[in-house]
Amino acid sequence: MKYSKLTQTYEALSKTSKRLKKIAILAEFLKTLKDEDKEVLYLLLGRAYPAYDERRIGVSEKLAIKAISKATGIETEKVMQEWKTTGDLGGVAEKLISKRKQKSLDSKELTTQKVLENLRKLPEMEGKGSISKKLNIIVELLSSAKPLEAKYIVRTIIGDLRIGIQESTIRDALAEAFFEKSASSKIQEALDRSNDLAKVFEACKTKNLKSLAQFEIEVGKPIKVMLAQKVSTIEEGFKALGKPCAIEYKYDGFRLVIHKKGKEVILFTRRLENVTKQFPEVVENVLKYVKGDSFILDSEAIGYDKKTKKYTPFQAISQRIKRKYGIEKLCKELPVEVHVFDILHYNGKSVVNEPFKKRTAMLKRIIIKKPYKIVPAKQIITSDEKKAKEFYKMALKDNQEGVMMKNLNAKYKPGKRVGYMLKIKPEERDLDLVITGAEYGKGKRKGWFSSFILSCKKGNEYLEVGKVGTGIKEKKEEGLSFEELTERIKPLIIKEEANKVKVKPKIVVAVTYQEIQKSPNYKSGLALRFPRITALRDDKPVSEISTLEEIKREFEKQKN
Ligand code: ATP
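Please read all numbers here as calculations on a predicted model, not as lab measurements.

**Observations concerning the overall build of the chain**
Move 1: Helices and strands together make up the secondary structure of the chain, namely 22 helices and 20 strands.
Move 2: The C-alpha atoms of the chain give a radius of gyration of 25 Å, which matches the 24 Å a tight globule of 560 residues would have.
Move 3: The dimensions of the chain, computed from C-alpha atoms along their principal axes, are 80 × 65 × 50 Å.
Move 4: Taking all 560 residues of the chain together, 53% fall into the buried category.
Move 5: Sequence-distant contacts, at least 24 apart, represent 71% of the contacts inside the chain between residues at least 6 apart.

**Considerations on the sheet that holds strand E1 (residues 229-230)**
Move 1: In spatial order, the strands read E1-E11-E10-E2-E9; together these five strands make up an open sheet with mixed pairing. Two strands bound the open sheet, and with one partner strand each, they are E1 and strand E9 (379-382).

**Examining the domain arrangement of the chain**
By a widespread convention, an interface's size corresponds to the accessible area lost as its parts come together.
Move 1: Annotation of the chain at the domain level lists domain 1 (46-157), domain 2 (227-424) and domain 3 (430-559).
Move 2: One C-alpha centre belongs to domain 1, the other to domain 3; they are set 30 Å apart.
Move 3: At the boundary of domain 1 with domain 3, the tally comes to one salt bridge.
Move 4: Taking the shortest distance from any N to any O, the salt bridge between Lys-504 and Glu-61 comes out at 3.6 Å.
Move 5: Here domain 1 and domain 3 share one residue pair in polar contact (both at pLDDT 80 or more) between them.

**What about the side chain of Thr-360?**
Move 1: Mapped onto the elements of the fold, Thr-360 is located in helix H19 (residues 356-366).
Move 2: Overall, the relative accessible area of 5% leaves Thr-360 in the buried class.
Move 3: If near-sequence neighbours (up to four positions away) are discounted, Thr-360 is found in contact with Glu-248 and Gln-379.

**A few points about helix H21 (residues 482-489)**
Move 1: Taken as a whole, H21 has its buried residues at Phe-482, Leu-485, Thr-486 and Ile-489. Buried residues in H21, looked at end-on, bunch into an arc of 100°, giving them a common side.
Move 2: Buried residues belonging to H21 abut strand E12 (430-440), strand E13 (449-458), strand E15 (493-497), strand E16 (500-503) and strand E20 (532-536).

**Looking at the packing of helix H4 (residues 61-72) against helix H8 (residues 130-144)**
Move 1: With their axes 9 Å apart at the nearest point, H4 and H8 run at an angle of 50° to one another. Compared by their axis directions, H4 and H8 come out oblique. Crossing of H4 over H8 shows right-handed handedness. Counted together, Leu-63, Lys-66, Ala-67, Ile-68, Lys-70 and Ala-71 of H4 and Ile-131, Lys-134, Leu-135, Asn-136, Ile-138, Val-139, Leu-142 and Ser-143 of H8 form the full contact between these two elements.
Move 2: Per-class residue counts for the contact of H4 with H8 are nine nonpolar, two polar and three charged.

**As for the site of the ligand**
Move 1: Close contacts around the ligand come from 20 residues, with Arg-255, Glu-300, Lys-423, Lys-425 and Lys-540 the closest.
Move 2: Take Ala-228: an N or O atom from its main chain is 3.3 Å from an oxygen atom of the ligand.
Move 3: Between the ligand and Lys-423, the relevant distance is 2.4 Å, taken from an oxygen atom to a side-chain nitrogen or oxygen of the residue.
Move 4: Taking 590 Å² as the accessible area of the ligand by itself, protein coverage stands at 94%.
Move 5: Sorting the residues of the shell around the ligand by element identifies strand E2 (245-250), strand E10 (402-406) and strand E11 (421-424) as the ones contributing at least two each.
Move 6: Top contributing element to the shell around the ligand by residue count: E2, with three residues.
Move 7: Residues belonging to the shell around the ligand are distributed by class as follows: seven nonpolar, no polar and 13 charged.

**Notes on the pattern of salt bridges**
Move 1: Evaluation of the coordinates by the stated rule reveals 48 salt bridges.
Move 2: The salt bridge partner of Glu-202 is Lys-38, with a shortest N-O separation of 3.7 Å. Of this pair, Glu-202 sits in helix H12 (residues 197-205) while Lys-38 sits in the loop between helix H2 (19-32) and helix H3 (40-44), and the two are 164 residues apart along the sequence.
Move 3: Ionic contacts of the salt-bridge type, sharing partners, join the residues Glu-11, Lys-15, Glu-94 and Lys-151 into one network.

**Let's talk about the environment of Lys-291**
Move 1: Within the fold, Lys-291 resides in the loop between helix H15 (280-289) and strand E5 (294-303).
Move 2: In this structure the C-alpha to C-alpha distance between Lys-291 and Ile-366, which are 75 residues apart in sequence, comes to 4.9 Å.
Move 3: Setting aside chain neighbours within four positions, we find Lys-291 in contact with Tyr-346, Arg-365, Ile-366 and Ile-368.

**Description of H4**
Move 1: Its twelve residues place the ends of H4 16 Å apart at the C-alpha level, agreeing with the 16 Å of an ideal helix rising 1.5 Å per residue.
Move 2: For H4, the tally of buried residues reaches nine of twelve residues, placing the bulk of the element in the interior.
Move 3: Residues of H4 that are buried sit in contact with helix H5 (76-86), helix H6 (89-99), H8, helix H9 (147-157) and E15.
Move 4: One or two positions beyond H4, positive phi appears at Gly-73, with a value near 75°.

**A closer look at the nonpolar core**
Move 1: By size, the foremost hydrophobic cluster in this structure holds 73 residues, and its most contacted members are Leu-30, Leu-142, Leu-174 and Ile-187.
Move 2: For Leu-142, the residues in contact, after removing those within four places along its chain, are Ala-67, Ile-68, Ala-71, Ile-97, Arg-100, Ala-150, Ile-153 and Val-154.
Move 3: By size, the runner-up hydrophobic cluster in this structure holds 33 residues, among which are Val-265, Val-283, Ile-321 and Met-362.

**Remarks on the environment of Gly-415**
Move 1: Tracing the backbone shows Gly-415 in the loop between E10 and E11.
Move 2: With a relative accessible area of 28%, Gly-415 lands in the partly exposed category.
Move 3: Sequence separation between Gly-415 and Leu-227 is 188 residues, and the spatial gap between their C-alpha atoms is 6.9 Å.
Move 4: Each residue touching Gly-415, except ones within four places of it in the same chain, is listed here: Asp-192, Lys-224, Val-225 and Met-226.

**Regarding the packing of helix H1 (residues 3-14) against H2**
Move 1: Running from N to C, H1 and H2 cross one another at 165°; their axes reach a closest spacing of 9 Å. In terms of their interaxial angle, H1 and H2 are classed as roughly antiparallel. Remark: the crossing between H1 and H2 carries right-handed chirality. Seen from H1, the contacting residues are Lys-5, Leu-6, Thr-9, Ala-12 and Leu-13; seen from H2, they are Lys-22, Ile-25, Leu-26, Phe-29 and Thr-32.

**Some details on the environment of Ile-57**
Move 1: Along the chain, the position of Ile-57 falls in the loop between H3 and H4.
Move 2: Looking at Ile-57, the relative accessible area reads 9%, which means it is buried.
Move 3: Discounting residues that sit within four places of it in the chain, Ile-57 has contacts with Gly-46, Arg-47, Ala-48, Leu-119, Leu-122, Pro-123, Thr-156 and Ile-157.

Here is what the cut-offs are and how they apply
- Residues numbered from 1 in each chain as written.
- Predicted model: local features only at pLDDT ≥ 70, side-chain atom pairs only at ≥ 80, totals over all residues.
- Heavy atoms only, no water.
- Helix = DSSP H or I, 4+ residues; strand = E, 2+ residues; numbered from the N terminus.
- Rg over C-alpha atoms; globule rule 2.2 N^0.38 Å.
- Buried < 20%, exposed > 50% of the residue type's maximum accessible area, 1.4 Å probe, protein only.
- Contact = heavy atoms within 4.5 Å.
- Pairing = 2+ DSSP bridges.
- Domains from an automatic or database assignment.
- Salt bridge = Lys/Arg side-chain N within 4 Å of Asp/Glu carboxyl O.
- Polar contact = N/O pair within 3.5 Å; in protein donor to acceptor, adjacent residues only side chain to side chain.
- Arc of directions from axis to C-beta.
- Axes fitted to C-alpha atoms, helices over the stretch in contact; angles between N-to-C directions.
- Parallel < 35°, antiparallel > 145°, perpendicular 65-115°, else oblique.
- Left-handed = near helix turned anticlockwise from the far one by under 90°.
- Nonpolar A, V, L, I, M, F, W, Y, C, P; charged D, E, K, R; others polar.
- Near = heavy atom within 4 Å.
- Areas by Shrake-Rupley, 256 points an atom, 1.4 Å probe, with all protein chains shown as cover.
- Expected span 1.5 Å × (residues − 1).
- Core = buried A, V, L, I, M, F, W, Y, C linked by side-chain atoms within 4.5 Å.

Here it is in structure tokens:
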């Protein structure tokens, strides 16, 4: 397919903020899309691969600027200057490419296939000389590109497409193009199981709803996990789930999905990132203490103090998720214990449709309990409110966050926040927010960012709800430091003005606060009073951060 056809669609999508209009535009586009062009769906989300594939295009703005400069013959300083005034590097590429006097003679019309081919070479390059190779690959595309094409090539490589669509927008467009609106939930299920838009598109094209039901989860391919709803009390939990139900400790760690096939173990986070290398001890324990040739387990990994054997909060071990070096040492210093609470696949068969009581019984059969290594989650099955409350108290005494209550007859719904599993924890003022801006510090914090703009989510938008400078450490050894946050933020800068920067919404942090106030200064209308960062949430996708709705609800609760 010609790339220009796709860029025209991008342009049409970016010109409207109305969701229904976007869906209509997409539906028309999808109706004409041929099977052989199905991978264009990845490009619609600014990606080169399906969601289950963790390879990212990941080109820095700096490199993109160099590529624009090389493709147009305009100095990098000039490109940089243009970018600083508009904040849109794609727009800069469009403008400068349109000024380019002569296109190289051998330039051919770009196809989506060629764009994908080049984009896919980018993540594979590492090590010496990789930067200049990457540069050439981008320049090759830009040299053949028309201005509008250049705009979207640049936006795609830096991960900032700005057309305001998400997977759910495409899902609804698929329903509109090939079925009826009501098919959206079936399409979503197929997406949740396969995490592959192109494959789901292919099935939708047959206009047969049954073809969507054939998607199954697969061992080795990451899965979006089932999420929990919140209730305030045990009584409320029983009311929602019925009696009896399962009650488990809500461990304060991070979600780890464990896949095993033969001798191979693969570990994924709920962000679908492969973290196998970071947790060699978990791999070893799974091989030793879980019976079965192949399986997928859902679990929570928690840290414990190697001397006292007391459990530590998530904060203490969060660095293990991202760390790529010194793993051996870190394993010893910050060991984790895995608490398995669900099973999705066993010896070649999906068990997501089996009732929870059967799945949880299976776990107890296949796991050889090894404290401080791997164990099934602590659980009781009861109808007795008093017993349930005692269990909750015990969980808190054991330094855990609270309890989960689970419906014994429920299926496992990947990617869903359905009410099959409820979380209860003491009233706490905490939110998960994303950093969308920062300000450089002064004095001893010179050279670092020292305050950070926090945003919540409302649909496709990120709305500011506060500014935070507390909770972050001066020294790296003490935990999350200004230096670390500064290093993380630098590659994400979209716009710079005096000592302030705007950044791509990528870094998720857990934040506590004293109070929520009304605020005319923020578009969200609300602001957090005395916010404090308590941890990086590298395990949590930006799509799952706190919403404006949730914050408004907290605000109302607080008023009462
Ligand atoms: P929170 O910040 O409250 O942990 P969250 O947004 O991270 O919430 P939720 O799905 O809302 O995630 O809360 C459930 C989380 O609790 C799960 O994602 C999982 O990581 C963790 N968890 C701990 N123990 C259990 C358990 N026994 N069963 C299921 N999930 C558990």
